[in-house]
Amino acid sequence: MIKNTKGSEWHKWDLHLHTASSYDSPYKAEDADELLCKALKENEISAVAITDHFKIDKCRIEKLRSI
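Below: a short report on this structure. (Residues numbered from 1 in each chain as written. Predicted model: local features only at pLDDT ≥ 70, side-chain atom pairs only at ≥ 80, totals over all residues. Heavy atoms only, no water.)

Let us look at the pattern of salt bridges. Applying the stated criterion to the full structure yields six salt bridges. Notably, a salt bridge pairs Glu42 with Lys38, separated by 3.7 Å at the nearest N-O pair. One end of the pair, Glu42, and the other, Lys38, are both in helix α1 (residues 32–42), four residues apart, so they sit about a helical turn from each other. Exposure remark for Lys38: the relative accessible area of 49% places this residue in the partly exposed category. Residues Arg60 and Asp57 are paired through a salt bridge, measuring 3.7 Å at the closest nitrogen-oxygen approach. Assigned by exposure class, Arg60 and Asp57 land together as buried. Here the salt bridges share partners, and the residues they tie into one network are Asp33, Glu34, Asp57, Arg60 and Lys63. (Salt bridge = Lys/Arg side-chain N within 4 Å of Asp/Glu carboxyl O. Helix = DSSP H or I, 4+ residues; strand = E, 2+ residues; numbered from the N terminus. Buried < 20%, exposed > 50% of the residue type's maximum accessible area, 1.4 Å probe, protein only.)

This is the structure we're talking about:
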């Protein structure tokens, strides 16, 4: 049974996103994660791919998921 009766839906994704953990991030202040999440929500971004250079910051990713 088809539950979606609206037809196609569009979603905004950012598939190349850097966090403050990336070595060349221009902004590394304490509120960097909060500001990033706020901007994503304001722009209705529903999915991201974190592409930080040379690092996978598991703790930061978990924090971002919780915001």
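Time to look at the state of the cysteines. Overall, the coordinates contain zero disulfides when judged by the stated rule. The thiol of Cys37 is not disulfide-bonded; the next cysteine sulfur, from Cys59, is found 15 Å away. Its relative accessible area of 60% is what places Cys59 among the exposed residues. (Disulfide = S-S within 2.5 Å.)

Here we come to α1. Taken residue by residue, α1 has Ala32, Asp33, Leu36, Cys37 and Leu40 as its buried positions. Buried residues along α1 cover an arc of 125 degrees about the axis, so they all sit on one side. Along α1, exposed side chains directed more than 90 degrees from the buried face belong to Lys41 and Glu42. At the C-terminal side of α1, Glu44 shows a positive phi close to 55 degrees. (Arc of directions from axis to C-beta.)

Structural measurements only, silent on function.
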